[in-house]
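# Breakdown of the fold
In case you want the letters, here they are:
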Amino acid sequence: MLLALDDAISTAVLAGRNADAEIFGVLDLTSKSEARIGGISLGRAIQFVANASVLGYDVRGAMVLYGEPRTPSLRKWDCEHLWAQFGGALLQP
């Protein structure tokens, strides 16, 4: 059942990769302040969270919000998993 849920989320995210998204819970390690990132596509948000640690950000508490208000948010692990699974396909129009 968990695999079916993962497949449903993956399919929905891939289909909505160009939807607007916001990222909360990202800490800029240089300035020690929270960096709120909005005005970004879902695919780019997933890419950012999956790779942010090498850019000097702490994303352990990150949440990617997108879609309708009841759409579940994506967490760090989700973004890493989706980026590993789909990679550049998330950035395609």
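This write-up is about the structure you can find in this document. (Residues numbered from 1 in each chain as written. Predicted model: local features only at pLDDT ≥ 70, side-chain atom pairs only at ≥ 80, totals over all residues. Heavy atoms only, no water.)

### Let's talk about the nonpolar core
- Of all hydrophobic cores here, the largest spans 23 residues; its most connected members are Val13, Ile23, Leu42, Ile46, Val49, Val64 and Leu74.
- Those elements that provide at least two residues to this core are strand S1 (20–28), strand S2 (33–41), helix H2 (42–51), strand S4 (63–66) and helix H3 (76–86).
- Filtering out sequence-adjacent residues up to four positions away, Ile46 remains in contact with Val13, Leu74, Cys79, Leu82, Trp83 and Leu90. (Core = buried A, V, L, I, M, F, W, Y, C linked by side-chain atoms within 4.5 Å. Buried < 20%, exposed > 50% of the residue type's maximum accessible area, 1.4 Å probe, protein only. Helix = DSSP H or I, 4+ residues; strand = E, 2+ residues; numbered from the N terminus. Contact = heavy atoms within 4.5 Å.)

### What about the packing of H2 against H3?
- Running from amino to carboxyl end, H2 crosses H3 at an angle of 105°, the nearest separation of the two axes being 8 Å. Between H2 and H3, the angle falls in the class roughly perpendicular. Note on element contacts: H3 touches H2 through Lys76, Cys79, Glu80, Leu82 and Trp83, opposite Ile46, Gln47, Val49, Ala50 and Asn51.
- Across the contact of H2 with H3, the residue classes break down as six nonpolar, two polar and two charged. (Axes fitted to C-alpha atoms, helices over the stretch in contact; angles between N-to-C directions. Parallel < 35°, antiparallel > 145°, perpendicular 65-115°, else oblique. Nonpolar A, V, L, I, M, F, W, Y, C, P; charged D, E, K, R; others polar.)

### As for the pattern of salt bridges
- A complete count under the given rule lists two salt bridges for this structure.
- Taking the shortest distance from any N to any O, the salt bridge between Asp58 and Arg60 comes out at 2.5 Å.
- Note on Asp58: relative accessible area 16%, which makes it buried.
- Of the residues examined, Arg60 reaches a relative accessible area of 66% and is grouped as exposed.
- For Lys76, the salt bridge goes to Glu80, with nearest N and O atoms at 3.2 Å. Of this pair, Lys76 and Glu80 both sit in helix H3, four residues apart, which is roughly one turn of the helix. (Salt bridge = Lys/Arg side-chain N within 4 Å of Asp/Glu carboxyl O.)

### Digging into the pairing of S2
- Of the pairings in the sheet, the one linking S1 to S2 comprises six bridges and is antiparallel in character. If you follow Asp28 over to S2, its bridge partner there is Ser33. (Pairing = 2+ DSSP bridges.)

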